[in-house]
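If you want the building blocks of each chain, they are given just below.
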Amino acid sequence: MALTDQLASAIAELEDEKVLSLVKERLDAGTSPLEIVAKLQEGMTEVGNRFEQGEYFLSELIMAGEIMKDAMAILEPHLQGQQQEFKGNIVIGTVKGDVHDLGKNIVVMLLKGAGYNVIDLGVDVPAEKFINAIKESKAPMVGMSVLLTGCQEGMKDIIAAIRAEGLDTKIVIGGNYVDEKVRQYVGADYVGTNASDAVKIAEQIF
Ligand code: B12
């Protein structure tokens, strides 16, 4: 896929300095931070494609991840709002076996910005950890991030374990490949493919 956007292509080419200066430039020009995130995500998808085709190796994946982290550090203050009072608790984590967290962290930032108290369990999160956090916080919503297709079965098991506890919480899955079909298969209540979906879904739940 040919990338037409300069920022998307800079991250795909792993041009760290160019990425950071373009992010700053666009913020200064008034581009919405979410639009900038979408371009970064587009570039990261291309990094993934190149990795799949054997053009990039693990070192390039790691490098792309580092560039993305630096770009997010610039964007973070612009993504978080000035909410004073919490609208409620949300538990979130990347499912067991999966350590991808850049996307999840953006979701966390946006939810915080929208006024929720987010309990972030980190990555590689097993069922018990989700269950304990939901019990403790009585969170009406739990978010699960997944990027590895191999972790789908594990996610299904985590959801079944939460349901078996009879907890009154809505389960929202999200990640790069999930869709309605995956949602039905794993037994989640909602599915989202970008960070603003998470906020829209939260508005419906709360
Ligand atoms: C960077 C990266 C890494 C980094 C991660 C660094 C980090 N701290 O996260 C590192 C180098 C560690 C890594 C490792 C691996 N990776 Co990797 N990685 C990627 C890459 C290139 C980008 C991911 C990313 O950060 N995207 C940018 C963010 C902003 O987007 P996002 O994650 O999709 O998140 C957005 C949405 O999905 C959504 N979202 C995310 N979570 C949630 C949750 C909720 C509730 C909601 C509503 C929404 C939501 O909102 C976010 C913001 O809009 C992807 C390619 C791709 N197409 O995704 C491969 C990719 C995910 N990796 C892949 C693979 C194979 C691996 C490894 C197995 C490689 C290896 N041989 O070791 C390991 C696995 C490690 C593990 N156990 O998890 C494959 C997975 C293939 C598959 N079918 O499962 C991909 C798809 C690459 C590819 N095309 O082959 N990876």
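Residues numbered from 1 in each chain as written. Predicted model: local features only at pLDDT ≥ 70, side-chain atom pairs only at ≥ 80, totals over all residues. Heavy atoms only, no water.

Its identity as a non-glycine residue notwithstanding, L14 has a phi of 60 degrees, on the positive side. Its identity as a non-glycine residue notwithstanding, K138 has a phi of 55 degrees, on the positive side. As for its position among the elements, K138 is in the loop between α6 (127–137) and β3 (141–145). (Helix = DSSP H or I, 4+ residues; strand = E, 2+ residues; numbered from the N terminus.)

A few words on the site of the ligand. Lining the immediate environment of the ligand, one finds 35 residues, of which E52, V99, H100, D101 and S145 sit closest. V99 places a main-chain nitrogen or oxygen 2.7 Å from an oxygen atom of the ligand. With respect to the detected pockets, the ligand is housed in the largest pocket. Elements represented by at least two residues in the shell around the ligand include exactly α3 (33–52), α4 (58–79), α5 (102–113), β3, β4 (170–174) and α9 (195–205). Counting residues per element, the shell around the ligand draws most heavily on α3, which supplies seven residues. Residues that form the shell around the ligand fall into these classes: 17 nonpolar, 15 polar and three charged. (Near = heavy atom within 4 Å. Polar contact = N/O pair within 3.5 Å; in protein donor to acceptor, adjacent residues only side chain to side chain. 1 Å grid on protein atoms, 1.4 Å probe; cavity = no way out; pocket = protein on both sides within 12 Å on 5 of 7 lines; lining within 4 Å. Sits in = over half its atoms within 2 Å of the grid points. Nonpolar A, V, L, I, M, F, W, Y, C, P; charged D, E, K, R; others polar.)

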